[in-house]
Amino acid sequence: MALTIKQQLSSPGGILKFLIKYNTIFIFIVLVIFSALISDVFFTSANLTNLLKQVSGIGIISIGMLIVILTGGIDLSVGSLVALLAVIFALLVNTVILPVAILLTIIIGFSIGSVSGYLVAFQKMAPFIATLALMTIARGLGFIYSKGSPITFKSPGGEFMADFANNSTIGIPNIAIVFLIIVVLAMVMLRYNVFGRLIIALGSNEEASRLSGIKVNKYKFLVYAISGALAATAAIIVASRTNLGSPNMGMAWELDAIAAVVIGGASLNGGKGTAINTLIGVLILGLIGNILNLLNVPSYPQQVVKGGIIIFAVLLQKFESK
Amino acid sequence: MENSESEYRVEMTGISKSFGPVSVLEGVDLRVKHGEIHALLGENGAGKSTLVKILSGVHQKDGGKVLLNGKEINPKNTHDGQVLGISVVYQELSLVNDLSVAENIYLHKMGASKFWMNWKELIKDAQELIDSLGFDINAAARVRDLSIVQKQVVEIAKALSEDTKVLILDEPTTVFDPNDIKKLFENLFRLKKQGISIIYISHHLDEVFKIADTVTVLRDGVDTGSLPVSETDTDGVIRLMIGRDLKDLFPVRDIEIGKEPIFEVKNLTARDNLVHDVSFSVRPGEVLGIAGLGGSGRTETAKLIFGVGKKQSGTIILNGKEIKTKSPVDAVGFEIGFVSEDRKEEGVFLPLSIRRNISVTSFKSICTNLGFLKVDKEFKNVIGLIDKLNIKAPSCEVDVKNLSGGNQQKVALAKWLSIDSKVIIIDEPTRGVDVGAKVEIYNLINEVAKKGVGIVVISSDMPEIMGISDRILVMHQGTFYGELQKEQFSEENILRYSIGEPIK
């Protein structure tokens, strides 16, 4: 803290300590270098654009997952929420004007998240169980509303969204810009706003928070609701990219989001984690998939590698806390 | 095995240990002879527990040497310690509630030797061991069903089930009644005759003078003396423990106390009836002490006032106006502060920085309307409090888990000073705090009272509650049994009221 980076590096064993402390960034840089060396295609703008587009959806729900995990909870419903809300958005975009469709989708996401929040905060249900239930319900509703098949955009609003989602501004894909704006907002909120301060306090010691006069239940409720709203944002983006909403979207995304948050050094016990590290966690997961694709590794071994990286990252964090 | 040439069974020299930046032990020596009862004394936080945990292998020392029978040892974990014959009976019980007494006693051996257990033999052995201690406990009973005293006995039996050479007892008698204590002492004398060395940690000096051969005293991580019990007395030991005479600990109370009460509680009763019919009042500038035995409802009363737990009836009056505190949020809204007795679980946020800890109550004053922090104002506020309370830390960004107990407690207090609380209820203000910090906290309480704040202090520490209070209320079975004015203060009077007897 008080030490500058230079001092840290020059103390005995300093380089190792430094690497362990910033292990997320370190893993990320190693992966980028490795990717660049191993594949000529990696550093092409087409590939990088593609990579950013791929991670944006999961990235957005990862930020929601982060704030839930910061309070010591977990939200398993986000993957299914993406599916349900993508279906809802596709239905809405074909019936009402675009701004209303977007707004309604986000409100519905917030409301469904509120249900988890209510169960966790006011009914004292274990977050794992409450959101597990919501996960099944949302997936089921997705299939019901879509009648089991994808719903394609058939309106000018839909076309506009498809255009938006597949194009770039100053070289950066639009949906990645949306993701990055959300990351920056989360950073500001967690660092400089009372909301962020309080959810971190809440996650690090719920009883002390209660006895300090913090409205514990209100904030617990809010994080799930916000996670739901972010799932809606992710749903709009992924639906627009493919021009349709399908109940099969977002399969197991909640697990990728948890993985990204954990690789980013957050503690599942709550109270520890940052938005920027979650961003890097998301990029690391995306990079692994990307480079393995470039190397033509089939998807099954990819899952094995992903799991290995998660274990490695968490082991490194154990060293850090020693 | 016993014919080693070394004079001492255990010889710890120059032991040092720190947790993070906090140094807990600095060059401590401890020498225990064969077959001796060696008392290890010191205030909470002096480093006694850490020292024996290094001996038993729970913690690893940073520096120094540990010799057992003249041979250097380096236990890496409690299993290493046990193999060497070092057994510990901890304060916090370490039994598995859902297993039987016998299984608990032999837990460390289960799975080590054989695949199949001979249950009958196991229970028979355990029963013999317990019988030999002279206590009436069924070895086949489930630990969950035992009383706390019985559990403690099982702990001791567990420690003795090994081929124990060094037995460490960390405050074993806190839960015992005099009869049980007598039995325990008989056992200790018997073990001593068998040549077992016993390290006995206790707060009760009278016990120490009854059984120990030698005392070693620690203060703030340094050993301040080691001498045969026959060469010292209670006052001498206290001086070694706190580095001064007892009376110098407390500030002079020279505050003008207001006439009208700032805070009143009338007929407060909890729904679960753990607290009933509690009434008291505090005047501005007054320090009201609440004494009583553990479980008499002191903490419950404080929490009830603060909005934790459900009230059945009763009124709370602040500055002449009735207030309702349904939750801590309400209580804090009315500028009532509460410092919990359980600092680590309920008082501070261990993983967070000092700044984040202190600011948690005062966002209203350091935020814009949209909830954005005015960082410079926050820093000013926090640094001001760190200076005022003399919190010893390199910066306000240090995590509270790296502070000593005393400094953690000051952070817990600072939280309520950063907003101008009108009433502060402090439950066990100096538990686990070193002497220096104790004096500072007492002075701080005095200073805050001077500003007209009403202060309620709950404490089990008799010298403390008599030293800082203007008036003491004694609780017994969920309600106030008696009130003591300053001239009536004595340990005896407090104790009499605590057990529901009139004072003489």
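- In the nomenclature of an unreviewed UniProt entry, chain B is known as Ribose transport system ATP-binding protein of Ulvibacter antarcticus.
- UniProt, in its Subcellular location (unreviewed entry) section for chain B, records the words "Cell membrane".

- In the annotation of an unreviewed UniProt entry, chain A is listed under the name Ribose transport system permease protein and assigned to Ulvibacter antarcticus.
- Looking at the Subcellular location (unreviewed entry) heading of the UniProt record, one finds this comment for chain A: "Cell membrane".

### Some points on the sheet that holds strand β16 (residues 336–339) of chain B
All names here are of chain B.
Piece 1. The strand order across the open sheet built from six strands is β16-β17-β18-β13-β19-β20, with neighbouring strands paired in mixed fashion. Two strands in the sheet have a free side with no partner beyond their single neighbour: β16 and β20 (479–485). For this sheet, the mean inter-axis angle between neighbouring strands, taken without regard to orientation, is 20°.
Piece 2. Direction of pairing for β16 relative to strand β17 (residues 423–427): parallel, over a ladder of four bridges. Residue pairing across strands places Val-339 opposite Ile-426, the latter belonging to β17.

### What to know about the UniProt feature "transmembrane region" (unreviewed entry) in chain A
Residues and elements named next belong to chain A.
Piece 1. According to UniProt, the "transmembrane region" (unreviewed entry) feature falls on residues 20–43, 55–74, 80–113, 125–145, 170–190, 221–239 and 275–294.
Piece 2. Helix and strand shares over residues 125–145 are 90% and 0% respectively, and the end C-alpha atoms of the span are 28 Å apart.
Piece 3. Secondary structure content for residues 170–190 is 81% helix and 10% strand, and the end C-alpha separation is 28 Å.

### Some words on the side chain of B:Glu36
All names here are of chain B.
Piece 1. Looking at the element boundaries, Glu-36 is found in the loop between β2 (22–33) and β3 (37–41).
Piece 2. Of the buried charged residues, Glu-36 lacks a salt bridge, with Lys-33 as the closest side chain of opposite charge at 4.9 Å.
Piece 3. Polar side-chain contacts of Glu-36 include one of 3.0 Å to the side chain of His-38.
Piece 4. Those residues in contact with Glu-36 that lie beyond four places of it in its chain are Arg-31, Lys-192, Ile-196, Ser-197, Ile-198, Asp-213 and Thr-214.

### A few points about the packing of helix α5 (residues 78–93) of chain A against helix α7 (residues 127–146) of chain A
Residues and elements named next belong to chain A.
Piece 1. The geometry of α5 relative to α7 is characterised by a closest axis approach of 7 Å and an angle of 25° between their N-to-C directions. With respect to each other, α5 and α7 are oriented roughly parallel. Two packed elements cross with a definite hand, and for α5 against α7 that hand is left-handed. From α5, Gly-79, Ser-80, Leu-81, Ala-83, Leu-84, Val-87 and Leu-91 reach across to α7, where they touch Met-135, Ala-138, Arg-139, Leu-141, Gly-142, Tyr-145 and Ser-146.
Piece 2. Taken together, the residues of the contact of α5 with α7 break down into nine nonpolar, four polar and one charged.

### As for the packing of helix α4 (residues 45–70) of chain A against helix α9 (residues 174–192) of chain A
All names here are of chain A.
Piece 1. Running from N to C, α4 and α9 point in directions that differ by 20°, and their axes come no closer than 8 Å. What the angle tells us is that α4 and α9 run roughly parallel. Considering how the two elements wind past one another, α4 and α9 form a crossing that is left-handed. Note on element contacts: α9 touches α4 through Ile-175, Ala-176, Val-178, Phe-179, Ile-182, Val-183, Ala-186 and Leu-190, opposite Leu-52, Lys-53, Ser-56, Gly-59, Ile-60, Ile-63, Leu-66, Ile-67 and Leu-70.
Piece 2. Of the residues contributing to the contact of α4 with α9, the split by class is 14 nonpolar, two polar and one charged.

### Concerning a nonpolar patch on the surface
Piece 1. A contiguous nonpolar patch, built from A:Val96, A:Ile97, A:Val100, A:Leu103, A:Leu104 and A:Ile107 and spanning about 490 Å² of accessible area, is present on the exposed surface.
Piece 2. Summarising the element assignment, A:Ile97 is placed in the loop between α5 and α6 (98–121).

### Details of empty space enclosed by the protein
All names here are of chain B.
Piece 1. The tally for this structure, following the rule as stated, stands at three cavities of 30 Å³ or more.
Piece 2. Considering only enclosed or pocket space, the largest cavity measures out at about 40 Å³ in volume.
Piece 3. Along its surface, the largest cavity is lined by Leu-413, Leu-417, Ile-424, Ile-426, Leu-444, Ile-445, Val-448 and Ile-455.
Piece 4. No other element matches the three residues that helix α16 (residues 435–450) contributes to the lining of the largest cavity.
Piece 5. Of the residues contributing to the lining of the largest cavity, the split by class is eight nonpolar, no polar and no charged.

Basis of the calculations
- Residues numbered from 1 in each chain as written.
- Chains lettered and ligands numbered in written order.
- Predicted model: local features only at pLDDT ≥ 70, side-chain atom pairs only at ≥ 80, totals over all residues.
- Heavy atoms only, no water.
- UniProt positions renumbered as here; feature names shortened; annotations may be inferred.
- Pairing = 2+ DSSP bridges.
- Helix = DSSP H or I, 4+ residues; strand = E, 2+ residues; numbered from the N terminus.
- Axes fitted to C-alpha atoms, helices over the stretch in contact; angles between N-to-C directions.
- Buried < 20%, exposed > 50% of the residue type's maximum accessible area, 1.4 Å probe, protein only.
- Lys, Arg positive; Asp, Glu negative; His and termini not counted.
- Salt bridge = Lys/Arg side-chain N within 4 Å of Asp/Glu carboxyl O.
- Polar contact = N/O pair within 3.5 Å; in protein donor to acceptor, adjacent residues only side chain to side chain.
- Contact = heavy atoms within 4.5 Å.
- Parallel < 35°, antiparallel > 145°, perpendicular 65-115°, else oblique.
- Left-handed = near helix turned anticlockwise from the far one by under 90°.
- Nonpolar A, V, L, I, M, F, W, Y, C, P; charged D, E, K, R; others polar.
- Patch = residues over 30% accessible without salt bridge, like charges linked within 9 Å, V, L, I, M, F, W, Y side chains within 5 Å.
- Areas by Shrake-Rupley, 256 points an atom, 1.4 Å probe, with all protein chains shown as cover.
- 1 Å grid on protein atoms, 1.4 Å probe; cavity = no way out; pocket = protein on both sides within 12 Å on 5 of 7 lines; lining within 4 Å.
- Points joined across faces, edges and corners; volume = space filled by probe spheres on them.

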